[in-house]
Amino acid sequence: MAVVALLIAASCLSRAHADLPPLPLSPAVDVPGTQLTWEECVRLATRENPDLQASREAILNSDAVRRGAYSQLYPQISLAFGDTRTYTGANLVAPNNYATSFTEQATLSQLIFDGFHTEGNISQAHAQLNLAFASLDSQKATVSFNLKTAFAQLLYSQQLIKISQNVVDIRQSNARLVKLLYEGGSEDKGDMALTQANLDQALYNLDQAIRNRDLSGVQLGVFIGRTLAPPVVAEGELQTDVLPVTPDFNKLAVLTPSYFEHKAQVDAAAAGITIANSGWYPTVTGSLSAEKTDNQYPLRNNSWSAGFAVTYPLFEGGATYFNVKAADASLRQALDNLRSGTNDSALTLAQMFKGMVDAEDNVRIQEELLDATALRYKIGEADYRNGLMSFQDFNTITDDYVGQQQSLLSAQVNAVVAEASWEEARGLGAIP
């Protein structure tokens, strides 16, 4: 008879619970102002991201400098025109005198030898261009990482809104149930106050999730390179690719943009030695000049000259000597930086790979935990309704279930970010 009475009371509580009006909730659904897929984000960022544009302009700059370095190999031609007016004052034997002379001159000069200075400039310009290309690849990887992280953060915020709404529903249901039990005399006021506080906390978390979603939309727009109309909605899922087998990190290290940047700096430093050593050699130039002069047009006095000149610096206060020593030190420094940078890249690759594997394994564990806590909550709710579980135990089970939903979502976004970090460390990404 006691069991029958308990079942009848539970049935009455369920009907009374269904008759209660719903509590007011924060708005969680907005009309999207901008909807973007991952492919659309990549396409827009490739075209509009200002950091990528700046890196492309740096390549154009370096290419122009490289082309300009060849100019010394070609003849230099110049034209000159002169109009001179002179005055001589009067003296005892001559009156005032004014004179005018006109000059037209064409000059051709050719650098014959400059101690390989021009060759060094050309090699250094090539190295700087290679450095600009490597910097662009590095910037692409960075932009791809930032873009993927921001897109994942927006997906996370959207999913968090759904989870927060579900948590509000759970907390609201529990608050109604405990209130009815309190009014029936089977629960105390403290338990009822705790369930109401949990509901208020859930409502706050929902509002915070909406604000995080709005902030994530702004952040995504920054990395794309344009302002996006709010609210921004991402279309996709928080998922990662299949894990690769453990690679050889030392081999991957010499394929990264960082390696090519350091390699270009080594080449530039080696060219600097050639430039510095040019001070030990003479400079040989050839020239040809034609000139017309007269005091009126047409000019009738013609002249021309041709020759070559050899210039050799005998003493420069040790400038060439110290320039060579500085260039040698710069090359050794660049080689050490290359070796250190390669080792750092290998270590970073190993760390990022470990982080990616750990993060993806953690997603699997969190999924299992969520399944377990969901089942415990379902059983615990039924037991609590039927008076077979204390409020403390039921509240603990509810907290575990609510927290585990958020833990799984955090694990999923962390796995995406870890994968993006692995791609950035390799110098890869979605930016073509």
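Positions within a chain are numbered from 1, following the residues in the order the chain's sequence is written. Totals for whole chains, interfaces and linings use all residues, but because this is a predicted model, local features are given only for residues with pLDDT of at least 70 and pairs of side-chain atoms are given and counted only at 80 or more. Each side-chain value is derived from all of the structure's non-hydrogen atoms; neither hydrogens nor water enter the calculation.

Draft legend 1. Inspection of the overall build of the protein chain at higher detail. In terms of helices and strands, the protein chain carries 9 helices and 6 strands. In this treatment the radius of gyration is a C-alpha quantity, and the globule benchmark scales as 2.2 Å times the residue count to the 0.38 power. Over its C-alpha trace the protein chain gives a radius of gyration of 39 Å, far above what one expects of a compact globule, namely 22 Å for 432 residues. Along the first, second and third principal axes, the C-alpha atoms of the protein chain reach 150 × 55 × 35 Å. Looking at the protein chain as a whole, 35% of its 432 residues are labelled buried. In this description, contact between two residues means that some pair of their heavy atoms is separated by no more than 4.5 Å. Partitioning the intrachain contacts of the protein chain with sequence separation of at least 6 by distance along the chain shows that 83% fall at a separation of at least 24. As displayed, the protein chain offers around 24,600 Å² of accessible surface, 57% of which is attributable to carbon and sulfur atoms. Numbering of helices and strands starts at the N terminus; helices are DSSP runs of H or I of at least 4 residues and strands are runs of E of at least 2. Burial classes: relative accessible area under 20% of the type maximum marks a residue as buried, over 50% as exposed, and values in between as partly exposed (1.4 Å probe, protein chains only). Surface accessibility in these figures is a Shrake-Rupley result with a 1.4 Å probe; residues are shielded only by whichever protein chains are displayed.

Draft legend 2. Focus on the environment of A99. Along the chain, A99 falls in strand β3 (residues 97-113). Counting along the chain gives 13 residues from A99 to T86, while the straight-line C-alpha distance between them is 5.2 Å. Setting aside chain neighbours within four positions, we find A99 in contact with T84, R85 and T86.

Draft legend 3. Up close: the environment of P313. Tracing the backbone shows P313 in the loop between β6 (301-311) and α8 (319-385). The sequence separation of P313 and P282 amounts to 31 residues, and the corresponding C-alpha distance is 7.2 Å. Not counting the four nearest positions on each side in its chain, P313 is found in contact with G279 and Y281.

Draft legend 4. How the structure looks around the packing of helix α4 (residues 117-183) against helix α9 (residues 391-426). To get an axis, a line is fitted to the C-alpha atoms, and for a helix only the part in contact is used. The angle between two axes follows their N-to-C directions and goes from 0 to 180 degrees. In the contact formed by α4 and α9, the axes pass within 9 Å of each other and the chain directions differ by 170 degrees. On the basis of their axis angle, the class for α4 and α9 is roughly antiparallel. Roughly parallel covers angles under 35 degrees, roughly antiparallel covers those over 145, roughly perpendicular covers 65 to 115, and oblique covers all other angles.

Draft legend 5. The nonpolar core, seen in detail. By nonpolar core we mean a set of buried residues, namely Ala, Val, Leu, Ile, Met, Phe, Trp, Tyr and Cys, connected to one another through side-chain atoms within 4.5 Å. L36, C41, L147, L220, I224 and L238 are the most contacted members of the largest nonpolar core, which totals 41 residues. The set of elements that each furnish at least two residues to this core consists of α2 (38-48), α3 (50-69), α4, α5 (189-224), β4 (232-235) and α9. The element best represented in this core is α4, accounting for 17 residues. Setting aside its immediate chain neighbours within four residues, L147 contacts W38, C41, V42, A45, L220, F223 and I224.

Draft legend 6. Expanded view of the pattern of salt bridges. In what follows, salt bridge is the name for a side-chain nitrogen of Lys or Arg lying within 4 Å of a carboxyl oxygen of Asp or Glu. Counted by the stated rule, this structure contains 15 salt bridges. The salt bridge involving R213 is made with D214; its shortest N-O contact spans 2.9 Å. On the basis of relative accessibility, which here comes to 36%, the residue D214 falls in the partly exposed class. Counted as one network, the salt bridges with shared partners bring together R47, E48 and R226.

Draft legend 7. Highlighting unusual backbone geometry. Look at the link from P230 to P231: it is a cis peptide, with omega at -10 degrees. As for its placement among the helices and strands, P231 is situated in the loop between α5 and β4. Cis geometry marks the peptide bond from Y297 to P298, where omega comes out at -5 degrees. A positive phi angle, close to 70 degrees, is found at F116, a residue other than glycine.

Draft legend 8. Inspection of the packing of aromatic side chains at higher detail. Here is the rule: rings of Phe, Tyr and Trp (six-membered ring for Trp) pair when centre to centre is within 6.5 Å. Planes less than 30 degrees apart are stacked, more than 60 are edge-to-face, and the remainder are tilted. For the structure on display, the rule yields 14 aromatic pairs. When the ring of Y321 is compared with that of F322, the centres are 5.1 Å apart and the planes differ by 75 degrees; the resulting orientation is edge-to-face. Residue class for F322 comes out exposed when judged on its relative accessible area of 53%. With a centroid separation of 6.1 Å and an interplanar angle of 20 degrees, the aromatic rings of Y377 and F394 are classed as stacked. Within this pair, whereas Y377 is found in helix α8, its partner F394 is found in helix α9, the two being separated by 17 residues in sequence. Residues Y377 and F394 agree in their burial class; the two are buried. Taken together, the ring pairs connect Y377, Y384, F391, F394 and Y401 into an aromatic cluster.

Draft legend 9. Broad picture of the confidence of the model for the protein chain. Scored by pLDDT, the protein chain has a mean of 89; 92% of the residues are at 70 or more. Long-range and interchain partners of residues 1-29, a stretch whose pLDDT sits below 50, account for 35 contacts in this model, where long-range means more than four residues apart. The predictor attaches a confidence to each residue, called pLDDT, with possible values from 0 through 100.

Draft legend 10. Expanded view of the packing of α3 against α4. Contact geometry for α3 and α4: axes closest at 9 Å, N-to-C directions at 170 degrees. With respect to each other, α3 and α4 are oriented roughly antiparallel. Each residue is assigned to one class: nonpolar for Ala, Val, Leu, Ile, Met, Phe, Trp, Tyr, Cys and Pro, charged for Asp, Glu, Lys and Arg, and polar for all the others, Gly among them. When grouped by side-chain class, the residues that make up the contact of α3 with α4 number 12 nonpolar, 7 polar and 5 charged.

Draft legend 11. Spotlight on the pairing of β3. Where strand β2 (residues 76-88) lies against β3, 13 bridges are found, and the strand directions are antiparallel. Each bridged residue has a counterpart across the sheet, and for G82 the counterpart in β3 is T103. Strand pairing requires that DSSP identify at least two bridges connecting the strands. By the bridge criterion, 11 bridges tie β3 to strand β5 (residues 283-294) in an arrangement that is antiparallel. If you follow T107 over to β5, its bridge partner there is S289.

Draft legend 12. Inspection of the sheet that holds β2 at higher detail. Strand order in the open sheet formed by 4 strands is β2-β3-β5-β6, and the pairing between neighbours is antiparallel. Whereas interior strands pair on both sides, the edge strands pair on one side only; in this sheet they are β2 and β6. Here the strands of the sheet are splayed against their neighbours by 20 degrees on average, with no regard to which way each runs. Across 11 bridges, β5 lies against β6 in antiparallel orientation.

Draft legend 13. Looking closely at the side chain of Q366. Take Q366: it is sitting in helix α8. According to the relative accessible area criterion, Q366 is buried, its value standing at 12%. Excluding its chain neighbours within four sequence positions, the residues that come into contact with Q366 are Q404, S407, L408 and A411.

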